[in-house]
Amino acid sequence: MTADVRSLPIGCHDCDLALRVPRIEHGVAPRCPRCGTVVRHRKPRSIARCWAFVIAAAICYVPANLYPAMTVVSLGNAQSDTILSGVIYLLSHGLWPLALIVFVASVVVPLAKLVALVYLLISVQARSRWRPADRTRLYRLTEAIGRWSMVDIYVITILVALVSLGNLATVEAEPGAVFFGAMVVLTLLAAEAFDPRLIWDRADLQDG
Amino acid sequence: MNSRLIVCRDCALLNRIAHLPRGGSARCPRCGALLARGVFDSIDRTLAFSLAGLSLFLVANAFPFLAMRMQGLITETTLLTSVWALYEQKRLLVAGLVLLTAVAAPLLYLLLLIYVLAPLRFGLHAPGVIPCFRLLRRVQAWSMVEVFMIGVLVALVKLADMAQIVPGIALWAFALLIPVMAAATSSLDSELVWDRIGRPA
Ligand SMILES: [Zn+2]
Ligand SMILES: [Zn+2]
């Protein structure tokens, strides 16, 4: 079953050149004749690396949402907000389109991304043959939406920089922002580590 | 170069692609991934967009993008001073992340494009052109100017009832940088560049 897959042409991971490498031997590293990258069948240790990043990101997701992300000190009053209470603050001020943007980017996107990656990992490990094209599309979507989670990090950055009026008003970045940033980076690395070609690595999917 | 073989990045299917008409694109018949785009004058166009992008980037970083007026006090901020403000609050990871995604990656992306394409336009190869072009795709994933722009808009509305907010020149430069960078990316024909810079097989 795997022998069939291995005799198929490989696309160079860096320059996309179609290469026909009969078998990649252990210890020898064939290189792409065009760009010099080491020729690999699939991303190395893709599943293990992806799981590691997904689990680390899921762990960061908890403190990222529990700890306050920033504190606004205005005329002596300090108000700390978590990511979620920031959304509620926007809602209570009638800024619901904005609340929706922040809620989707900061809460829904990371969670959906983690769920999608866990599903993709399990489906590949279970050697599922269910709708491979849709699973590949799901992966592409996962990869494309991850960056939008950075919105809140940028908002905090801008507020910290702009609102620095000494006794009048200041904004401080809190530990929640750090965990949140770490979580976003980890989900980006997780999506990067996953190799969608693994979805298709079943001999019975190869003719389609 | 009438037809070429492309292995799909997402599902590893081997595709033979005929010459694409201008504006045309080829998608993988099995998983729908974009395989190639037909771009007319790819090198010149990408180079033009990259140079325009670099100028906008410099303006976007040299001037304040927002100013705030509150009870007679004015503060204004550039991209780099906002990174610095985070650094001063000892939020190194967040500061580093913003520096990477809003400043370093977009700048490096534009510089790499210019470094590879400008000499190529005159039939020359810059030293180290192959590793530079390999690096390009990795850098691109970390460049998030369009997300930063949404962040600015959210911050703007959030602050609107607290103080008077004045958008600066840099903000307009940023707004223009986004479509210009997208145009540079979509007019780049990587296959063509690899054919020119790659070692002869
Ligand atoms: Zn290559
Ligand atoms: Zn495909």
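A quick note: this is a predicted structure, and the numbers were derived from the prediction, not measured. Numbers given to residues run from 1 along each chain, matching the order in which its sequence is written. All chains are assigned letters beginning with A, and all ligands numbers beginning with 1, in the order in which they are written. Confidence filtering applies because this is a predicted model: local features only for residues at pLDDT of at least 70, side-chain atom pairs given and counted only at 80 or more, and all residues used for totals across whole chains, interfaces and linings. For the side-chain quantities, the full set of heavy atoms in the structure was used; hydrogens and water were omitted.

The next thing to look at is the overall build of chain B. Where helices and strands are cited, they refer to DSSP runs of H or I of at least four residues and of E of at least two residues respectively, numbered from the N terminus. Of the regular secondary structure elements, chain B holds 7 helices and 7 strands. In sequence order, the secondary structure elements of chain B are arranged as β-β-β-β-α-β-β-α-α-α-α-β-α-α. Overall, the C-alpha framework of chain B stretches about 65 × 40 × 30 Å when taken along its three principal axes. The cut-offs for exposure are 20% and 50% of the maximum accessible area for each residue type, with area from a 1.4 Å probe on protein chains only; residues under the lower value are buried, those over the upper are exposed, and the others partly exposed. Evaluated residue by residue, chain B yields a buried proportion of 51% over its 201 residues. Partitioning the intrachain contacts of chain B with sequence separation of at least 6 by distance along the chain shows that 61% fall at a separation of at least 24. Per-residue accessibility takes into account occlusion by the displayed protein chains alone, with areas from the Shrake-Rupley method and a 1.4 Å probe. A total of about 9,500 Å² of accessible surface is found on chain B, and carbon and sulfur atoms cover 64% of it. Under the convention used here, Asp and Glu are negative, Lys and Arg are positive, and both His and the chain ends fall outside the count. Where a charge sits is defined by one atom per residue type, namely NZ (Lys), CZ (Arg), CG (Asp) or CD (Glu). Taken as two groups, the 18 positive and 10 negative side-chain charges of chain B have centres that lie 7 Å from each other. The criterion used for residue contact is that any of the two residues' heavy atoms lie within 4.5 Å.

What follows deals with the interface of chain A and chain B. Contact with chain A, which involves 66 residues of that partner, is made by 61 residues of chain B. Carbon and sulfur atoms make up 68% of the surface buried where chain A meets chain B, a total of about 5,700 Å² over both sides. Interface area lost by chain A to chain B is led by Arg34, Tyr154 and Leu162 of chain A, which between them contribute 14%. In what follows, salt bridge is the name for a side-chain nitrogen of Lys or Arg lying within 4 Å of a carboxyl oxygen of Asp or Glu. For the pair chain A and chain B, the number of links is 8 salt bridges. The residue Glu146 of chain B makes a salt bridge to Arg147 of chain A at a minimum N-O spacing of 2.8 Å. Put simply, the parts of the chain that give the side of chain A that touches chain B at least two residues each are β1 (10-11), β3 (70-74), α3 (83-92), α4 (96-125), α5 (132-145), α6 (151-162), β5 (169-173) and α7 (175-193) of chain A. When residues in the side of chain A that touches chain B are grouped by element, the largest group, 10 residues, is from α6 of chain A. Put simply, Ala, Val, Leu, Ile, Met, Phe, Trp, Tyr, Cys and Pro go in the nonpolar bin, Asp, Glu, Lys and Arg in the charged bin, and everything else, Gly too, in the polar bin. Broken down by class, the residue content of the side of chain A that touches chain B amounts to 44 nonpolar, 11 polar and 11 charged. Once two parts are joined, some of their accessible surface, as seen by a 1.4 Å probe, is lost; buried area is that loss totalled over both.

Moving on, we get to the sheet that holds strand β5 (residues 66-70) of chain B. All names here are of chain B. Here, a strand pair is defined by DSSP locating no fewer than two bridges between the strands. Within the open sheet, the 3 strands sit side by side as β6-β5-β7. Their pairing is antiparallel. Strands at the two margins of the open sheet, each flanked by one partner only, are β6 (73-77) and β7 (164-167). Sheet twist, expressed as the average angle between the axes of neighbouring strands with direction ignored, equals 20°. As judged from the 4 bridges shared by β5 and β7, these two strands associate in the antiparallel manner. Pairing of Arg69 across the sheet is with Gln164, part of β7. Axes here refer to lines fitted to C-alpha atoms; in helices the fit is confined to the stretch in contact. Angles between the N-to-C directions go from 0 to 180 degrees.

Nonpolar side chains tend toward joint burial in soluble globular proteins. Here, the term nonpolar core denotes a set of buried Ala, Val, Leu, Ile, Met, Phe, Trp, Tyr and Cys residues that are joined through side-chain atoms within 4.5 Å. Counting residues in hydrophobic clusters, the biggest one holds 135 residues, and the most contacted among them are Phe194 of chain A together with Phe65, Met68, Leu117 and Phe148 of chain B. Not counting chain neighbours up to four residues away, the residues in contact with Phe65 of chain B comprise Ile158 of chain A together with Thr77, Thr78, Leu79, Ser82, Phe148, Val152, Val166, Pro167, Gly168, Ala170 and Leu171 of chain B.

In terms of residue burial, β5 of chain B counts as a mostly covered element, since 4 of its 5 residues are buried. Between β5 of chain B and β6 of chain B, which pair antiparallel one after the other, the connecting turn spans 2 residues, and Gln71 of chain B there sits at a positive phi close to 45°.

Another aspect to go through is the coordination of the zinc ion (ligand 1). Residues and elements named next belong to chain A. Ligation of the zinc ion (ligand 1) by protein atoms is provided by Cys12 (SG), Cys15 (SG), Cys32 (SG) and Cys35 (SG), these donors lying 2.2 to 2.4 Å from the ion. Coordination shells were defined by N, O and S atoms within 2.8 Å of each metal, extended to 3.2 Å for Na, K and Ca; water is absent from the atom set, which can make sites look incomplete. Tetrahedral means four donors with every angle between 85 and 135 degrees, whereas square planar (four donors) and octahedral (six donors) require angles over 155 degrees between opposite donors and between 65 and 115 for all others; sites fitting neither are termed irregular. One can describe the donor arrangement at the zinc ion (ligand 1) as tetrahedral, given that its 4 donor atoms subtend angles of 102 to 113° at the metal. Sequence positions of the donors to the zinc ion (ligand 1) reduce to the motif C-x2-C-x16-C-x2-C. Placement of Cys15 in the loop between β1 and β2 (18-19) and of Cys32 in the loop between β2 and α2 (46-66) is noted, with a sequence separation of 17 residues between them. In this structure Cys15 comes out as buried when scored by relative accessible area, which is 2%.

Another aspect to go through is the domain arrangement of chain A. Domain annotation of chain A identifies domain 1 (1-41) and domain 2 (43-207). What fixes the domain bounds is an automatic or database domain assignment. Using only C-alpha atoms to locate each centre, domain 1 of chain A and domain 2 of chain A end up separated by 33 Å.

All names here are of chain B. Coordination sphere of the zinc ion (ligand 2), protein contribution only: Cys8 (SG), Cys11 (SG), Cys28 (SG) and Cys31 (SG), at 2.2 to 2.4 Å. Donor residues binding the zinc ion (ligand 2) come from one chain and are separated in sequence as C-x2-C-x16-C-x2-C. The exposure class assigned to Cys8 is buried, which follows from its relative accessible area of 1%.

Before going further, it helps to examine the domain arrangement of chain B. All names here are of chain B. Annotation of chain B at the domain level lists domain 1 (1-38) and domain 2 (41-197). The gap between the C-alpha centroids of domain 1 and domain 2 is 29 Å. Carbon and sulfur atoms supply 37% of the area that domain 1 and domain 2 bury against each other, a total of about 520 Å² over both sides. Applying the counting rule to domain 1 against domain 2 returns 0 salt bridges. A 3.5 Å cut-off defines polar contacts: any pair of N or O atoms within that distance qualifies, except that in protein one atom must be a possible hydrogen donor and the other a possible acceptor, and neighbouring residues in sequence count only when both atoms are side-chain atoms. Counting every contact that joins domain 1 to domain 2 gives 1 residue pair in polar contact (both at pLDDT 80 or more).

Turning to the confidence of the model for chain A, a few remarks are in order. pLDDT expresses, on a scale from 0 to 100, how confident the predictor is about each individual residue. When pLDDT is averaged along chain A, the result is 88, and 90% of the positions lie at 70 or above. The weakest mean pLDDT in chain A belongs to helix α1 (residues 2-6) of chain A at 49; the strongest belongs to α2 of chain A at 96.

Below, the discussion takes up the pairing of strand β1 (residues 3-7) of chain B. Here 5 bridges tie β1 of chain B to strand β2 (residues 14-18) of chain B, and the two strands are oriented antiparallel to one another. Counted as the bridge partner of Ile6 of chain B is Asn15 of chain B from β2 of chain B.

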